[in-house]
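Structural overview
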Amino acid sequence: MEPFPELPQSVRLTEIAPGYPVLEVRHPRCTARVALHGAHVMEWQPVSADFPVLYLSPDAIYQEGKAIRGGIPICWPWFNAHPSDPSQPSHGHARTHFWELDAADADPLGVHLCLSFQHGDLTAFVDILLGETLAVSLHTTNHGNHPVPLSGALHTYLAVAAAEKVQIDGLDGDLYLDTVGPRTERIQEGLVFFDREVDRIYENDSSALLVDADLERVVVVEKEGSPSTVIWNPWIDKARALGDLPDDGWRDFVCIEAAIANDRAIILAPGGSHTLTTTIRVEDH
Ligand SMILES: O=P(O)(O)OC[C@H]1O[C@@H](O)[C@H](O)[C@@H](O)[C@@H]1O
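Structural notes, computed from the coordinates. (Residues numbered from 1 in each chain as written. Predicted model: local features only at pLDDT ≥ 70, side-chain atom pairs only at ≥ 80, totals over all residues. Heavy atoms only, no water.)

1. Considerations on the nonpolar core
One broad trend across soluble globular proteins is that nonpolar side chains are buried collectively. Note the threshold: Only buried residues count toward a nonpolar core. Its members are Ala, Val, Leu, Ile, Met, Phe, Trp, Tyr and Cys residues joined through side-chain atoms within 4.5 Å. Residue exposure (1.4 Å probe, protein chains only): buried if accessible area is under 20% of the type maximum, exposed if over 50%, otherwise partly exposed. Between two residues, a contact is recorded if the distance between any of their heavy atoms is within 4.5 Å.
With 68 residues, the main nonpolar core has Val41, Trp44, Trp99, Leu130, Leu134 and Ile168 as its most contacted residues. Once you skip the residues sitting within four places of it in the chain, Val41 turns out to touch Arg33, Val34, Leu54, Gly71, Ile72, Ile128, Leu130, Leu134 and Val136.

If you want it as structure tokens, here you go:
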């Protein structure tokens, strides 16, 4: 590990399991926790919100090699299955390894963390801005001599009062690949509802809004550098099959993922770079 950078007063280094460091943020604008494992934003709550914005599974496992269930896993440098090698882990290597913390700063608007990770010829730098708004920007650079395909996701788990009572706005009219059952292309009509397992890849490069009337709020998820939006909720049977999620955990979140998925993979030329960003804020309903 590189020498640890100096931390501002609003950031404290803790260990939630032996050898598993987590940065705890207590700032006038927000509270948050960020694990060095996966550069993973586990929790974030702006002072204006009276309920956490991100869902974190109470059964999440804090162990090198195991992705944290909840928060914002960084799926990189590919989304879901590896494009050609089925022996590679789903959603890439970034979420199951420790990252380096390069810098941590604070100002009256919030806390800024920079972390980095290397995989083969690719380097990832992530900028995390934690304030009244949360912004995660993932910069990828190809340092090699060959073009490399890049996909991935900022796989945000958003906390909800009850999944079956929320809706997602902003995807009306978009083409999507429904990956539950036989893969089928469909067009979204109106709002997205959750009344069964939902696992869809939308062709969408703009924002989505999570409308949660019970929590009297709308969570706005904006993004850049992302041609796909993935919407996921495992529903009842899949939640039971996931060991790091309580059986009824499916009710407590929906995922809105700023993604680069499947045939929208970007080919990074030697020396080329790409930035994938998601920005999250809470508004009154
Ligand atoms: O259990 P994992 O590997 O974290 O993946 C969770 C889900 O992640 C979503 O992005 C995928 O669309 C789903 O198919 C997948 O089940």
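2. Some details on the pattern of salt bridges
Definition in use: In what follows, salt bridge is the name for a side-chain nitrogen of Lys or Arg lying within 4 Å of a carboxyl oxygen of Asp or Glu. Secondary structure elements follow DSSP: runs of H or I of four or more residues count as helices, runs of E of two or more count as strands, with numbering from the N terminus.
On inspection of all chains with the given rule, the structure shows 12 salt bridges. In this structure, the salt-bridge partner of Arg264 is Glu203, at a minimum N-O distance of 3.4 Å. Separated by 61 residues along the polypeptide, Arg264 in the loop between strand S20 (253–260) and strand S21 (266–268) and Glu203 in strand S16 (residues 198–203) bring together distant segments of the chain. Since its relative accessible area comes to 33%, Arg264 is described here as partly exposed. Given the relative accessible area of 37%, Glu203 is considered partly exposed.

3. Section: the sheet that holds strand S4 (residues 40–46)
Here is the rule: Here a strand pair is declared whenever DSSP counts at least two bridges between the two strands. Axis definition: a line fitted to C-alpha atoms, over the contacting stretch in the case of helices. Angles run 0 to 180 degrees between N-to-C directions.
Pairing in this open sheet of 4 strands is antiparallel, and the strands run S1-S2-S3-S4 from one edge to the other. With partners counted over all chains shown, the strands left at the sheet margins are strand S1 (11–17) and S4, one partner each. With direction set aside, neighbouring strand axes in the sheet form an average angle of 20°. Summarising the sheet, strand S3 (residues 30–35) and S4 pair through 6 bridges and their orientation is antiparallel. Its bridge partner lying in S4, Cys30 is registered against Pro46.

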